[in-house]
Amino acid sequence: MKAVTWQGRRDVRVEDVPDPRIEEPTDAVIRVTSSGLCGSDLHLYEVLGPFMTPGDILGHEPLGVVEEVGSAVTDLSVGDRVVVPFQISCGSCWMCDRDLYSQCETTQVRDQGKGAALFGYSAMYGQVPGGQAEYLRVPLASSTAVRVEHGPSDDRFVYLSDVLPTAYQALEYAAVPDGGTLLVLGLGPIGQMVSRLAVHRGVRVIGVDLVDDRLARAAAHGAEVIDSREGHVGDRVRDLTAGRGPESVVDAVGMEAHGSPVAQAAHTVVGVLPDVLSKPLMEHVGVDRLAALTTAIDAVQRGGTISLSGVYGGAADPLPMLELFDKQVQLRMGQANVRRWIPDLLPLVQDPSDPLDVEGFATHHVPLDEAPSAYAMFQRKADGAQKILFRP
């Protein structure tokens, strides 16, 4: 089959690789019909290379059709259409019973000290082949894959793999009170979807970014927007919220380096150092800049809540603990517990009126063969690329 493989920093290639097969009775193999390119994939493209091996298959946002099932898979059948959450979970351990699927005790990557194994996401999370491919082996298929109906377009369901549950959990964790204001920092795919979900609930949303296309898109879907290039974000948000700031903030930026020469330099250093040096630098020193998080801490109302959905890998900057303590800020964060939220989200994506405009969410649909140029375009934020779906 053809698959998108990692070969080095900013080097992905579409190669012929062995077809996946049933390896355990609990496996299924699906034929992938759509697979998303995620902002988290750019972390592998840029800075998480020390945890990658040339030939690793990328991608963790697949939708497809079941081609084969193992003997222990009783609730999926050949021909079923399924969306596959980015994390692999058993559905029955102590953590899964508490809806903490991202911490599944059956698939935890203990040798790396990490939570549940993820598709297509480096040795840190199990080095499981990903879904930017023509076919995908799904371990623990009965508890991982989710059956969806045939008929509606792939764009209706593919975002249930990651974007929608991640955004939904970020919004839930933000705990916006009735009549409150939500500040969304970063208007990439997750920030855009957080904004749409919040607007759908009737929440006042203020979105912040520095990319014109992203600001325009959020504004078109009901958010007030602030260009972070045009002045101090905290002061401008307070001006819009009676001087207090928003009750809730979602940081949907994470490990990017816009506007931070120090962090950009750290990303570059990690990318060129030998793995034996760059791995501990990444894990124990960090390559993050915390500009978005410190902006959230500055902007949030006293007694408010900050929800982190952006991925952080360490800390290159000190965390302002005194300010957090003094302002009595609540912090919530973590990988989305995808299966926890899908029952809440299915009615929204099945609604004929498409209230979240998932049909129009992708800016680009491209063949798998165009993956190298799609990664480069997404990384540069060129051609209005805000969400890319591959059609294997």
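In this report, we go over the structure that sits alongside the text. (Residues numbered from 1 in each chain as written. Predicted model: local features only at pLDDT ≥ 70, side-chain atom pairs only at ≥ 80, totals over all residues. Heavy atoms only, no water.)

1. A short note on the sheet that holds strand β4 (residues 56–57)
Note on sheets: strands pair through backbone hydrogen bonds, and any given pair is parallel or antiparallel. Our working definition: At least two bridges found by DSSP between two strands are what make those strands a pair. Helix numbering and strand numbering both begin at the N terminus, where a helix is a DSSP run of H or I of at least 4 residues and a strand a DSSP run of E of at least 2. We call two residues in contact whenever any of their non-hydrogen atoms come within 4.5 Å of each other. To get an axis, fit a line to the C-alpha atoms, keeping to the stretch in contact for a helix; angles then go from 0 to 180 degrees between the N-to-C directions.
As summarised here, the arrangement of the three strands in space is β2-β1-β4, forming an open sheet in which the pairing is antiparallel. A strand with exactly one partner marks an edge of an open sheet, and here the two such strands are β2 (11–16) and β4. Packing of helix α13 (residues 371–380) onto the sheet brings it into contact with β1 (2–8) and β2, and relative to β2 it is tilted by some 160°.

2. Looking at the side chain of Ser-248
Note on placement: Ser-248 falls in strand β12 (residues 248–251). For Ser-248, the residues in contact, after removing those within four places along its chain, are Ala-174, Ala-175, Val-176, Pro-177, Thr-181, Leu-182, Leu-183 and Thr-305.

3. Here we look at the packing of helix α1 (residues 39–46) against α13
Working note: a packed helix pair is described by the angle between its axes plus the distance between those axes. To keep things clear, this is the line we draw: For classification, angles of less than 35 degrees are called roughly parallel, those exceeding 145 degrees roughly antiparallel, those between 65 and 115 degrees roughly perpendicular, and all remaining angles oblique. Residue classes follow a fixed rule: Ala, Val, Leu, Ile, Met, Phe, Trp, Tyr, Cys and Pro count as nonpolar, while Asp, Glu, Lys and Arg count as charged, and any other residue, Gly among them, counts as polar.
Interhelical geometry of α1 versus α13 gives an angle of 100° and a closest axis separation of 10 Å. Taken together, the axes of α1 and α13 lie roughly perpendicular to each other. Residues Gly-39, Asp-41, Leu-42, Tyr-45 and Glu-46 of α1 form the contact with α13, whose own contacting residues are Tyr-375, Ala-376, Phe-378 and Gln-379. When the residues that make up the contact of α1 with α13 are grouped by side-chain class, the tally is five nonpolar, two polar and two charged.

4. Some words on unusual backbone geometry
To keep it simple, the criterion reads: Using a 1.4 Å probe on the protein chains alone, a residue whose accessible area is under 20% of its type maximum counts as buried, one over 50% counts as exposed, and one in between counts as partly exposed.
The backbone of Leu-140 shows a phi angle near 45°, a positive value even though the residue is not glycine. With respect to the element layout, Leu-140 can be found in the loop between β7 (135–138) and α2 (141–144). With a relative accessible area of 21%, Leu-140 lands in the partly exposed category. Of note in this structure, Lys-381 is not a glycine but carries a positive phi near 55°. Structurally, Lys-381 can be placed in the loop between α13 and β16 (388–391).

5. A few points about the pairing of strand β11 (residues 224–227)
Remark: a regular strand shows side chains that alternate across the two faces of the sheet. Applicable threshold: Crossovers are marked right-handed if the path from the first strand over the helix to the second runs clockwise, as seen with the strands pointing away from the viewer.
In terms of strand pairing, strand β10 (residues 204–209) meets β11 through four bridges, oriented parallel. Residue Asp-209 lies in a different strand from β11, and its bridge partner there is Asp-227. Following the chain from β10 across helix α6 (residues 212–220) to the adjacent parallel β11, one finds a crossover that is right-handed.

6. Here we look at α1
Buried residues dominate α1, accounting for seven of its eight residues. Within α1, the full set of buried residues consists of Ser-40, Asp-41, Leu-42, His-43, Leu-44, Tyr-45 and Glu-46. Buried residues belonging to α1 abut β1, β2, β3 (28–37) and α13.

7. Remarks on the pattern of salt bridges
Stated precisely, the cut-off is as follows: Salt bridge, as applied in this entry: a Lys or Arg side-chain nitrogen positioned within 4 Å of an Asp or Glu carboxyl oxygen.
Tallied over the entire structure, the rule returns 23 salt bridges. Three or more residues joined by partner-sharing salt bridges are found here, namely Arg-81, Asp-154, Asp-155 and Arg-391.

8. Side note on helix α5 (residues 189–200)
Keep this limit in mind: One fewer than the residue count of a helix, multiplied by 1.5 Å, yields its expected span.
With twelve residues, α5 extends 16 Å between its outermost C-alpha atoms, agreeing within 8% with the 16 Å of an ideal straight helix rising 1.5 Å per residue. Counting buried residues along α5, ten of its twelve residues qualify, which places the element largely inside the surrounding structure. Along α5, the residues classified as buried are Pro-189, Ile-190, Gly-191, Gln-192, Met-193, Val-194, Ser-195, Arg-196, Leu-197 and Ala-198. Residue Gly-202 follows α5 closely and has a positive phi angle near 90°.

So, to be careful, I would describe these as geometric facts and stop short of saying anything about function.
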